[in-house]
Every structure is written in structure tokens, then in C-alpha cells.
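Coordinate inspection notes
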Amino acid sequence: MKILVILIVVSLVIALVFLILFIWSVKSDQYEDTDSPAMRILYDDKPKSSTASKNK
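Residues numbered from 1 in each chain as written. Predicted model: local features only at pLDDT ≥ 70, side-chain atom pairs only at ≥ 80, totals over all residues. Heavy atoms only, no water.

A tally of regular secondary structure across the protein chain gives three helices and zero strands. Ordered by position from the N terminus, the helices and strands of the protein chain form the series α-α-α. Residue burial in the protein chain is summarised as follows: out of 56 residues, 2% are buried. Of the roughly 5800 Å² of accessible surface on the protein chain, a fraction of 67% belongs to carbon and sulfur atoms. (Helix = DSSP H or I, 4+ residues; strand = E, 2+ residues; numbered from the N terminus. Buried < 20%, exposed > 50% of the residue type's maximum accessible area, 1.4 Å probe, protein only. Areas by Shrake-Rupley, 256 points an atom, 1.4 Å probe, with all protein chains shown as cover.)

Below, the discussion takes up helix 1 (residues 2-27). A turn of α-helix holds 3.6 residues, and therefore any two residues three or four places apart point the same way. Look at helix 1: 38 Å from first C-alpha to last across 26 residues, which is about the 38 Å you get at 1.5 Å a residue. At the exit of helix 1 stands Asp29, carrying a positive phi of roughly 60 degrees. (Expected span 1.5 Å × (residues − 1).)

Taken as a whole and judged by the stated rule, the model has one aromatic pair. Between Phe22 and Tyr31 the ring centres are 6.2 Å apart and the planes differ by 45 degrees, which places this aromatic pair in the tilted class. Residue Phe22 is classed as partly exposed on the basis of its relative accessible area, which comes to 45%. (Phe/Tyr/Trp six-rings, centres within 6.5 Å; stacked < 30°, edge-to-face > 60°.)

On to the confidence of the model for the protein chain, then. Confidence in the prediction for the protein chain averages 85 pLDDT; 88% of positions are at 70 or higher. When the elements of the protein chain are averaged for pLDDT, helix 3 (residues 49-55) gives the smallest value, 59, and helix 1 the largest, 96. (pLDDT = per-residue confidence, 0-100.)

On the surface, Asp29, Glu32, Asp33 and Asp35 cluster together to form a negatively charged patch. Along the chain, Asp29 turns up in the loop between helix 1 and helix 2 (36-40). (Patch = residues over 30% accessible without salt bridge, like charges linked within 9 Å, V, L, I, M, F, W, Y side chains within 5 Å. Salt bridge = Lys/Arg side-chain N within 4 Å of Asp/Glu carboxyl O. Lys, Arg positive; Asp, Glu negative; His and termini not counted. Charge placed at Lys NZ, Arg CZ, Asp CG, Glu CD.)

Attention now moves to the side chain of Ser25. Tracing the backbone through its elements, the reader meets Ser25 in helix 1. Those residues in contact with Ser25 that sit more than four places away from it in its chain are Gln30 and Tyr31. (Contact = heavy atoms within 4.5 Å.)

So, in C-alpha cells, the structure goes:
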């Protein structure tokens, strides 16, 4: 029965850590722009002049 109490305390600590990390990520604007990173992969990057000259 003692192990059950230990497991409950450990699970509450883990849940509290994840809650704190979630609140921190929301406050630091991690979820501010969720659309543009998914769309950025569809656009080509501008070729760099030094890379373009080496490939020729």
C-alpha cells in the first residue's frame, strides 16, 4: 500500500512539471504563430550567391 502513495506523489509531481512547462511555453509565445512554420517548408529558399557560383 505504501508503493501506491509513492506512485501517486510521483505522478502528481510529473503532472505539475508538465503543467508548469505548458504555462511557460504559452507565456513565451510558443503557440503564437502555428500556421507559418507549416507553410514555410512549401516555399523555396532564395539561393545564396556563393553556393550558386560553386555549383556552376
